[in-house]
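Below are the chains, spelled out letter by letter.
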Amino acid sequence: MARSFVLWLHGLGDSGPANEPIKSLFTSPEFNITKWSFPSAPNNPVTCNYGSVMPSWFDIHEIPVTADSPKDESGVLKAVQNVHAMIDKEVAAGIDPNNVFVCGFSQGGALTLASVLLYPRTLGAGAVFSGWVPFNSSMIEKFTQDAKRTPILWSHGMADRTVLFEAGQAGPLFLEKVGVSCEFKAYPGLGHSISNEELRYLESWIKTRLKSSS
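Owing to the predicted nature of the structure, the values given are computational and were not obtained by experimental measurement. By convention here, each chain's residues receive numbers from 1 onward along its written sequence. Local features in a predicted model are, by the rule used here, given only for residues with pLDDT of at least 70; side-chain atom pairs are given and counted only at 80 or more, and totals for whole chains, interfaces and linings are based on all residues. Note that water and hydrogens are dropped before the side-chain values are worked out from all heavy atoms of the structure.

Remarks on the UniProt feature "domain: Phospholipase/carboxylesterase/thioesterase" (unreviewed entry) in the protein chain
Item 1. UniProt positions are given in the numbering used here, feature names are shortened, and annotations may be inferred rather than shown by experiment. The feature "domain: Phospholipase/carboxylesterase/thioesterase" (unreviewed entry), as given by UniProt, occupies residues 3-208 in the numbering adopted here.
Item 2. Helix and strand shares over residues 3-208 are 28% and 20% respectively, and the end C-alpha atoms of the span are 14 Å apart. Helix and strand assignments come from DSSP, with helices taken as H or I runs of at least 4 residues and strands as E runs of at least 2, each series counted from the N terminus.

Here you go:
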């Protein structure tokens, strides 16, 4: 039986299968019995792309995304329900919620944050790459005490022109206010992409949080 579960949420216009090579970088033996999942977002019209239909977890109103960009909260909540169903399925199959890790890039990073904070139980961790906070502060009252115990790793390229670095910086400040533990990693010169350096750090970061089966 898989001892841990890693769920990877892709960015706007991308697909799950296109991101599967990421798992080949996780070479530590601890990941030999990890179950990976790379779901694809449904096709939806996207406002920032003039209504074009493409794989999108929820609507994005403007690019670049700033700390103050308008938020599609209802779309985010709908997407969160789907992510929770994926997590619930693995937990029902016997995976300890403490060994469930949700990770995502860009729009998938924003969805990762929402999914982890709105999940009723404590998970292993959430990892946000080049993401943003996709809801308003009124959502805070929906976070349970258990959800607030899930640690967050937040990585952002300082040269990002799509999701501005300031949008990334706003995340840890928001989490600190809520009482969620967050480690913020800034990558100088990195644009709106994910680097092998970030993924290598993610591997070691998850490794220290894996719970051995009791």
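Observations concerning the sheet that holds strand 7 (residues 152-157)
Item 1. Strand pairing follows a simple DSSP-based rule, namely that at least 2 bridges must link the two strands. With respect to topology, six strands assemble into an open sheet ordered 2-1-5-6-7-8, the strand pairing being parallel. Looking at the sheet topology across the chains shown, the edges are occupied by strand 2 (34-37) and strand 8 (182-187). Ignoring strand direction, the axes of neighbouring strands in this sheet form an average angle of 15°.
Item 2. By the bridge criterion, four bridges tie strand 1 (residues 4-9) to strand 2 in an arrangement that is parallel. Residue leucine 7 lies in a different strand from strand 2, and its bridge partner there is serine 37.
Item 3. Contacts were defined at the residue level, with two residues in contact if any of their heavy atoms lie within 4.5 Å. Axis angles are defined between N-to-C directions and span 0 to 180 degrees, where every axis is a line fitted to C-alpha atoms and, for a helix, only to the segment in contact. Where helix 3 (residues 165-178) meets the sheet, it contacts strand 7 and strand 8, and its direction lies at approximately 160° from that of strand 7.

Quick word on the nonpolar core
Item 1. Of all hydrophobic cores here, the largest spans 43 residues; its most connected members are Ile87, Leu113 and Phe135.
Item 2. Of all the secondary-structure elements, those providing two or more residues to this core are strand 1, helix 1 (73-92), strand 5 (100-105), helix 2 (107-117), strand 7 and helix 3.
Item 3. Contacts of leucine 113, omitting those with residues within four sequence positions, involve Val128, Trp132, Val133, Pro134, Phe135, Ile152, Trp154 and Leu175.
Item 4. Within the second largest apolar cluster, 19 residues are counted, among which are Val6, Phe31, Leu153 and Ile206. Only buried Ala, Val, Leu, Ile, Met, Phe, Trp, Tyr and Cys residues count toward a nonpolar core, and they belong to the same one when joined by side-chain atoms within 4.5 Å. Accessibility here uses a 1.4 Å probe with only protein chains present; expressed as a share of the type maximum, an area under 20% marks a residue as buried, one over 50% as exposed, and anything in between as partly exposed.

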